[in-house]
Amino acid sequence: MPTLGVNIDHIATIRQARRTVEPDPVAAAVLAELAGADGITVHLREDRRHIQDRDVKLLRQTVRTHLNLEMAATDEMIKIALEIQPDYVTLVPERREEVTTEGGLNIAEQSDRMGYVVTTLQAAGIPVSLFVDADSQQIHASAATSAQFVELHTGRYADAKTETARVSELQMLKQGCQQAIAAGLRVNAGHGLTYWNTHAVACLDGMEELNIGHTIVSRAALVGLERAVREMKQVIRGEF
Ligand code: PXP
């Protein structure tokens, strides 16, 4: 069975909505690890809309499992990764106007640049994963960069509106997984996975790690709400 990398960006999103200090993603990472998370994933975006530089620096000191830094393949991010030394980097496409990462990287179209970024990070001892669609051209282009991993984009599978479409997207992920392994890559997956659609992806042969964020933070907000309200009532009564 694959391991679970918990993406805590959405904790930071709540904090940044008020530009305050809570909830702290560093505390969230500790709790996620106590609950059994196998890794912590954060995406340091160019516009710093959720995770901040301070978070990544502190997480590097506090994470006890492994820290996966998702980032765009820009010079600024390469410099930060070389300083922070995450346990691995996942390169993702990034456009300022998108709400979340849409679509995988087009490695085939920018193979020279990707090859350069992958080898620069690897030369500093940082393994690299490339976030790509389950597409044979992208998978073979990824293998050609010498990256150790691909992370297969599960967004289309997660967004499938009918059972037929879902089964077809799952089949593409299965094929992508097999092609990647045959090309010498290790395979992770993520994006849009929920409590309802994750198990089928977890069962794909060779799948190593699932990076999951939004659904976990969404559930945490709901399952934690009753307790939080009860505790505020206690504060009002001076009992807390
Ligand atoms: N993997 C990658 C590369 C991502 O960009 C994201 C979203 O930040 C995730 C996994 C997690 O996606 P979600 O929050 O939908 O679980």
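As a reminder, the structure under discussion sits directly above these lines.
Just so you know, these numbers come straight off a predicted model, no measurement behind them. (Residues numbered from 1 in each chain as written. Predicted model: local features only at pLDDT ≥ 70, side-chain atom pairs only at ≥ 80, totals over all residues. Heavy atoms only, no water.)

**Q** I tried to follow the environment of Gln178 on my own but got confused; where do I start?
**A** Tracing the backbone through its elements, the reader meets Gln178 in helix 8 (residues 163-182). With relative accessibility at 47%, the residue Gln178 sits in the partly exposed group. On a C-alpha basis, the gap between Gln178 and Leu222 in space is 37 Å, while along the polypeptide they are 44 residues apart. (Helix = DSSP H or I, 4+ residues; strand = E, 2+ residues; numbered from the N terminus. Buried < 20%, exposed > 50% of the residue type's maximum accessible area, 1.4 Å probe, protein only.)

**Q** Quick question: what am I supposed to make of unusual backbone geometry here?
**A** Excluding glycine, residues mostly carry a negative phi; peptide bonds, for their part, are mostly trans. Cis geometry is found at the peptide bond from Glu22 to Pro23, where omega equals -5°. With respect to the element layout, Pro23 can be found in the loop between helix 1 (9-18) and helix 2 (25-34). Phi angles above zero are rare outside glycine, and Gln85 is one such case at about 55°. On the secondary structure map, Gln85 appears in the loop between helix 4 (75-84) and strand 4 (88-91).

**Q** Quick question: what am I supposed to make of the pattern of salt bridges here?
**A** Any two side chains of opposite charge can pair, given that their charged atoms come close. For the structure on display, the rule yields 15 salt bridges. The salt bridge involving Glu76 is made with Arg48; its shortest N-O contact spans 2.7 Å. In this pair, Glu76 is assigned in helix 4 and Arg48 in the loop between strand 2 (39-43) and helix 3 (53-62), connecting sequence segments 28 residues apart. Two residues, Arg230 and Glu226, come together in a salt bridge whose shortest N-O distance is 3.7 Å. Taken together, the positions of Arg230 and Glu226, both in helix 11 (residues 225-236) and four residues apart, correspond to about one turn of that helix. Owing to a relative accessible area of 58%, Glu226 belongs among the exposed residues under this scheme. Salt bridges linked by common partners bring Arg15, Asp24, Arg54 and Asp55 together as one network. (Salt bridge = Lys/Arg side-chain N within 4 Å of Asp/Glu carboxyl O.)

**Q** Looking at this model, I keep getting lost on the sheet that holds strand 8 (residues 207-212). Mind explaining?
**A** Through backbone hydrogen bonds, the strands of a sheet pair up, either in parallel or in antiparallel fashion. If you trace the eight strands once around the closed barrel, you get 1-2-3-4-5-6-7-8, paired in parallel fashion. Across this sheet, the average inter-strand angle for adjacent strands is 25°, counted without regard to direction. Pairing of strand 1 (residues 3-7) with strand 2, which is carried by three bridges, proceeds in the parallel orientation. Directly across from Asn7, in strand 2, lies its bridge partner Thr41. Sheet strands in contact with helix 5 (residues 111-123) are strand 3 (67-71), strand 4 and strand 5 (128-132), and its direction is about 170° off that of strand 4. (Pairing = 2+ DSSP bridges. Axes fitted to C-alpha atoms, helices over the stretch in contact; angles between N-to-C directions. Contact = heavy atoms within 4.5 Å.)

Note that every value here comes from positions in space, so none of it alone points to a role or purpose.
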